[in-house]
Amino acid sequence: PGGPKEGPVPNFDIDAALKFDASEVGFPIRNPRVPDSWQPNSGTRTKVNGPGGGEVSTVGYITETGAFMQLTQSSATEEALVPSLFGNRSATDAAQLDGHTWVIYGEQGSEPVWVADFTDVRILLRGAGTTDEFTELAHAVDGATPLKK
């Protein structure tokens, strides 16, 4: 249970999900323009409790190469968000893209996690994608205008 399944990619209305989240949460939600070959397949909303916590909106995609990529947007701080979702990880690298510093949490045997602070929202990317796919999603998020509430 909970892992990837063989067969067709589930149908998920990412536009409706993110529009709904934008109307409900207290921070800007972006709907990045990803390649047409990426198929949205999942979404959820949750909360990080405790100091630095906040609401969390997550959607997932299957890339053209068949890799799962996840986009999380949250009002939680990076210090609360990463351990809440992925346990005790340490930053292992950083990438500068479009004026944002993406802190990379790598761990042997686990999918990488990239996190950037967009001032009023933290953006977290994770998945089995290539570095190019992470970079493509990061650029798409940066270029997306926040949705209207």
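Located above this text is the structure these notes cover.
Residues numbered from 1 in each chain as written. Predicted model: local features only at pLDDT ≥ 70, side-chain atom pairs only at ≥ 80, totals over all residues. Heavy atoms only, no water.

Draft legend 1. Summary view of the sheet that holds strand β4 (residues 93-97). Spatial strand order, β1-β2-β3-β7-β6-β5-β4: seven strands in an open sheet with antiparallel pairing. In this open sheet, the two strands that pair with only one neighbour each are β1 (39-48) and β4. Each strand axis lies, on average, 20° off the axis of its neighbour in the sheet, ignoring direction. Both strand β3 (residues 68-74) and strand β7 (residues 122-127) contribute to a ladder of six bridges, which runs antiparallel. Across the sheet, residue Q70 finds its bridge partner in β7, namely R126. Here helix α1 (residues 14-24) sits on the sheet and contacts β1, β2 (54-62) and β3; the angle it forms with β2, its principal contact strand, is near 170°. (Pairing = 2+ DSSP bridges. Helix = DSSP H or I, 4+ residues; strand = E, 2+ residues; numbered from the N terminus. Axes fitted to C-alpha atoms, helices over the stretch in contact; angles between N-to-C directions. Contact = heavy atoms within 4.5 Å.)

Draft legend 2. Summary view of the environment of N11. Within the secondary structure, N11 is located in the segment before α1. In this structure N11 comes out as exposed when scored by relative accessible area, which is 82%. On a C-alpha basis, the gap between N11 and S42 in space is 8.1 Å, while along the polypeptide they are 31 residues apart. (Buried < 20%, exposed > 50% of the residue type's maximum accessible area, 1.4 Å probe, protein only.)

Draft legend 3. View of the pairing of strand β5 (residues 100-105). Counting buried residues in β5 gives five out of six residues, a clear majority hidden from the surface. One ladder, built from five bridges, connects β4 with β5; its direction is antiparallel. Note that in β5 the partner of L97 across the bridge is H100. Between the end of β4 and the start of β5, which pair antiparallel, lie two residues, with D98 showing a positive phi angle near 50°. Across three bridges, the pairing between β5 and strand β6 (residues 113-117) is antiparallel. Directly across from I104, in β6, lies its bridge partner W114.

Draft legend 4. Broad picture of the environment of H100. When you line up the elements, H100 lands in strand β5. Judged by relative accessible area, which is 16%, H100 ranks as buried. Placed 38 residues apart in sequence, H100 and A138 show a C-alpha to C-alpha distance of 9.4 Å. In this structure H100 touches A95, A116, D117, F118 and D142, once residues within four positions along its chain are discounted. Here the side chain of H100 touches D142 through a polar contact of 2.9 Å, side chain to side chain. (Polar contact = N/O pair within 3.5 Å; in protein donor to acceptor, adjacent residues only side chain to side chain.)

Draft legend 5. Layout of the pairing of β3. By the criterion of burial, β3 is predominantly enclosed, with six of the seven residues buried. In this structure, β2 lies alongside β3, joined through seven bridges in antiparallel fashion. Bridge pairing in β3 links S57 to Q73. Counting the residues in the hairpin turn of β2 and β3 gives five residues, including G66, whose phi is positive at 90°.

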